[in-house]
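What follows is the residue order along each chain.
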Amino acid sequence: MKRITTRLFLSVICCILLAGPALAADLNLSVAASLRDAVTQIADDFAKKSPGINLQKNFGASGALAKQIENGAPCDIYFSANTEWADYLKEKKLLDAGSITTLAFNEVVFVGKPESKVQSLKDVVKLEKIAIGSPKSVPAGEYAMAALKKAGLDAQLEKKLVMAKDVRECLMYADRGEVNGAFVYKTDALMAKNVKALFTVPQELYPRVTYPVALTLSGGAKPEAAAFFTYLQSAQAKKVLANYGFAVK
């Protein structure tokens with residue numbers, strides 16, 4: 001019996017030693033596409049200070065990410081480009097409701113070739129193809145569509161709109177010249193290579209672009225997730241967001 005106990009003890013010790021490298025914490029982030037560059041830098045900066053934490057980033061449309069979480073996809077922190085999808089997950093009891101906070105703000109702009117004569121929403125109706133994020137899942141598209149409806153231009157543009165899976169795809173279509181222009185965020189326009197912001201969509205035509213961030217229920221149980229979540233609200237993180245063109249509190 002003593003020999004068996006000793007062997008069992010040694011086996012457990014070996015397992016623990018072999019498992020040592022796997023003890024690093026993995027955090028899963030579901031991030032709105034427009035935050036890709038800013039959150040990537042913030043995560044990299046945090047990782048340098050916390051080498052034992054691996055940050056896995058999943059970028060996409062806020063609605064698509066919310067549906068993934070609802071269907072069981074691993075996520076510890078959710079970043080949305082509007083309050084609607086954060087509220088959706090909150091109602092499904094998939095977020096730590098007490099953790100929901102505003103990360104940053106943005107604006108909707110229209111991008112096109114520098115030589116374009118488009119200067120306002122009324123000029124957009126003259127174009128043949130306009131990229132917009134699918135309003136059902138892409139907040140940028142939802143904001144843009146709200147503006148078009150309020151301006152009374154949605155019917156005129158209905159057959160000219162090219163739907164994109166997220167705001168970065170909108171920018172890509174415009175940058176490649178596959179469309180005459182696209183509705184994107186101001187921060188995305190700063191990333192463009194071949195197009196520029198031709199005008200800012202008047203703020204009175206759509207709700208303010210707000211980025212909520214929250215811990216999920218699984219993330220709320222991880223001290224590592226709490227540490228990164230706190231870092232997101234630090235002066236260092238806010239500086240990164242501001243450098244990428246976001247408005248911060």
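Residues numbered from 1 in each chain as written. Predicted model: local features only at pLDDT ≥ 70, side-chain atom pairs only at ≥ 80, totals over all residues. Heavy atoms only, no water.

Caption draft 1: Summary view of the overall build of the protein. From N to C terminus, the protein includes 12 helices and 10 strands. Principal axes of the C-alpha set define a box for the protein whose edges measure 85 × 35 × 35 Å. The 249 residues of the protein split such that 46% are buried. For the protein, restricting intrachain contacts to residue pairs at least 6 apart in sequence, the fraction spanning at least 24 positions comes to 78%. (Helix = DSSP H or I, 4+ residues; strand = E, 2+ residues; numbered from the N terminus. Buried < 20%, exposed > 50% of the residue type's maximum accessible area, 1.4 Å probe, protein only. Contact = heavy atoms within 4.5 Å.)

Caption draft 2: The arrangement of the sheet that holds strand β2 (residues 53–60) in detail. Strand order in the open sheet formed by 5 strands is β2-β1-β3-β10-β4, with mixed pairing between adjacent strands. Looking at the sheet topology across the chains shown, the edges are occupied by β2 and β4 (101–106). Direction aside, the axes of adjacent strands within the sheet are offset by 20° on average. (Pairing = 2+ DSSP bridges. Axes fitted to C-alpha atoms, helices over the stretch in contact; angles between N-to-C directions.)

Caption draft 3: Focus on unusual backbone geometry. At K93, a position not held by glycine, the phi torsion is positive, near 60°. Structurally, K93 is set in the loop between α4 (83–91) and β4. A residue is classified by how much of its surface remains accessible, and K93, at 63% relative accessible area, is exposed.

Caption draft 4: Quick look at the pairing of strand β5 (residues 108–112). Of all 5 residues making up β5, 5 are buried, and the element is well covered by its neighbours. Neither face of β5 is exposed, since V108, F110 and G112 on one face and V109 and V111 on the opposite face are all buried. In the sheet, β5 pairs with strand β8 (residues 181–185) via 4 bridges, with the strands oriented antiparallel. Bridge pairing links V108 to Y185 in β8. In this structure, β5 lies alongside strand β9 (residues 196–200), joined through 4 bridges in antiparallel fashion. Residue pairing for β9: G112 is matched across the bridge by K196.

Caption draft 5: Just the nonpolar core, in detail. Counting 73 residues, the largest nonpolar core has L35, F79, F183 and F228 as its most contacted members. The element contributing the most residues to this core is helix α6 (residues 139–150), with 6 residues. Counting residues in each nonpolar core, the second largest holds 11 residues, with L65, A66, L95 and A214 among its members. (Core = buried A, V, L, I, M, F, W, Y, C linked by side-chain atoms within 4.5 Å.)

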